[in-house]
Amino acid sequence: MNFPCVQCGHCCRSAGEIPALADCVGADGICRHLQNNRCEIYENRPAICNVEKMFAAHFAAIMDEPTFIRKNLDACLKLATAANDHAAQQKIRAEISEKKISS
């Protein structure tokens, strides 16, 4: 799987909402490993931050890869919308359209 991340960082800025990431989050709710909109521990990031690992470990038995990607892109779009980030929304919609991933 090659998840089409648009590198907006909104998931990292919302990490405080994920109990499993409590050790990675600062008082502001943002992952402390997010630096210049990039993950400074990307190669060693928690499994919950790795779309491919999460699919293999928890979702492959219950849905196909395109469905999983679409669900993740939908979540990305919600985060970008909540942040009022029109550029990220446009990139995410383009990925959905390009990959022809249906709802």
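Each remark here, short or long, concerns the structure printed above.
Read on for a plain summary of the structure. Owing to the predicted nature of the structure, the values given are computational and were not obtained by experimental measurement. (Residues numbered from 1 in each chain as written. Predicted model: local features only at pLDDT ≥ 70, side-chain atom pairs only at ≥ 80, totals over all residues. Heavy atoms only, no water.)

### Some words on the pattern of salt bridges
Spelled out, the test is: When a carboxyl oxygen of Asp or Glu lies within 4 Å of a side-chain nitrogen of Lys or Arg, that pair is called a salt bridge. What counts as a helix is a DSSP run of H or I of at least four residues, what counts as a strand is a run of E of at least two, and both are numbered from the N terminus. Relative accessibility under 20% of the residue-type maximum defines a buried residue, over 50% an exposed one, and the middle range a partly exposed one, all with a 1.4 Å probe and only protein chains included.
Tallied over the full model, the rule gives 1 salt bridge. Note that Arg-70 and Asp-74 form a salt bridge whose closest N and O atoms lie 2.7 Å from each other. In this pair, Arg-70 and Asp-74 are both assigned in helix 3 (residues 65-82), 4 residues apart and thus about one turn of the helix distant. Residue classification places Arg-70 among the buried positions, given a relative accessible area of 13%.

### Description of helix 2 (residues 51-59)
Two residues of an α-helix separated by three or four positions point the same way, owing to the 3.6 residues in each turn. The test is simple: What the arc covers is the set of directions going from the helix axis to the C-beta atoms. Residue contacts are counted whenever heavy atoms from the two residues lie within 4.5 Å of one another. Pairing of N or O atoms within 3.5 Å defines a polar contact, subject to two protein rules: one partner must be a possible hydrogen donor and the other a possible acceptor, and residues neighboring in sequence count only if both atoms are side-chain atoms.
Buried residues of helix 2: Val-51, Met-54 and Phe-55, and no others. Seen from one end, helix 2 has its buried residues packed into an arc of 100°, which puts them on one side. Those residues of helix 2 that are exposed and aimed more than 90 degrees away from the buried face are Ala-56 and Ala-57. Summarising the contacts, the buried residues of helix 2 are in contact with helix 3. In this structure Asn-50 caps helix 2, since a side-chain oxygen of it lies 3.1 Å from the backbone nitrogen of Glu-52.

### Side note on the packing of helix 3 against helix 4 (residues 86-98)
Inclusion rule: Here an angle of 0 to 180 degrees is reported between the N-to-C directions of two axes, which are lines fitted to C-alpha atoms, with helices fitted over the stretch in contact. Note that the term roughly parallel is reserved for angles under 35 degrees, roughly antiparallel for angles over 145, roughly perpendicular for angles of 65 to 115, and oblique for everything else. Here a crossing is called left-handed whenever its near helix is offset anticlockwise from the far helix by less than a right angle, and right-handed whenever the offset is clockwise. Amino acids are sorted into nonpolar (Ala, Val, Leu, Ile, Met, Phe, Trp, Tyr, Cys and Pro), charged (Asp, Glu, Lys and Arg) and polar (every other residue, Gly among them).
Helix 4 packs onto helix 3 with a crossing angle of 165° between their chain directions and a minimal axis gap of 9 Å. Relative to helix 4, the element helix 3 is oriented roughly antiparallel. For the pair helix 3 and helix 4, the sense of crossing is left-handed. Note on element contacts: helix 4 touches helix 3 through Ala-88, Gln-89, Ile-92, Arg-93 and Ile-96, opposite Arg-70, Leu-73, Asp-74, Cys-76, Leu-77, Ala-80 and Thr-81. Residues belonging to the contact of helix 3 with helix 4 are distributed by class as follows: 7 nonpolar, 2 polar and 3 charged.

### What about the packing of aromatic side chains?
Put simply, the test is: Aromatic rings from Phe, Tyr and Trp, with only the six-membered ring used for Trp, were paired whenever their centres fell within 6.5 Å, and each pair was classed as stacked if the ring planes differed by under 30 degrees, edge-to-face if by over 60, and tilted otherwise.
All chains considered together, the criterion is met by 2 aromatic pairs. Seen from their ring centres, Phe-55 and Phe-68 are 5.1 Å apart, and the 45° between their planes marks the pair as tilted. Taken together, the positions of Phe-55 in helix 2 and Phe-68 in helix 3 put the pair 13 residues apart, joining distant regions of the chain. Pair check on accessibility: Phe-55 and Phe-68 agree, each one buried.

### A closer look at the nonpolar core
Nonpolar side chains in soluble globular proteins generally cluster together in the buried interior. The test is simple: In plain words, nonpolar cores are sets of buried Ala, Val, Leu, Ile, Met, Phe, Trp, Tyr and Cys residues tied together by side-chain atoms within 4.5 Å.
Phe-3, Phe-68, Leu-73 and Ile-92 are the most contacted members of the largest nonpolar core, which totals 15 residues. Take this core: its biggest share by element is 5 residues, from helix 3. Those residues in contact with Phe-3, other than ones at most four positions away along the chain, are Val-51, Glu-52, Ile-69, Asn-72, Leu-73 and Cys-76. Core analysis: the next-biggest nonpolar cluster, separate from the first, contains 5 residues, Leu-21, Cys-24, Val-25 and Cys-31 among them.

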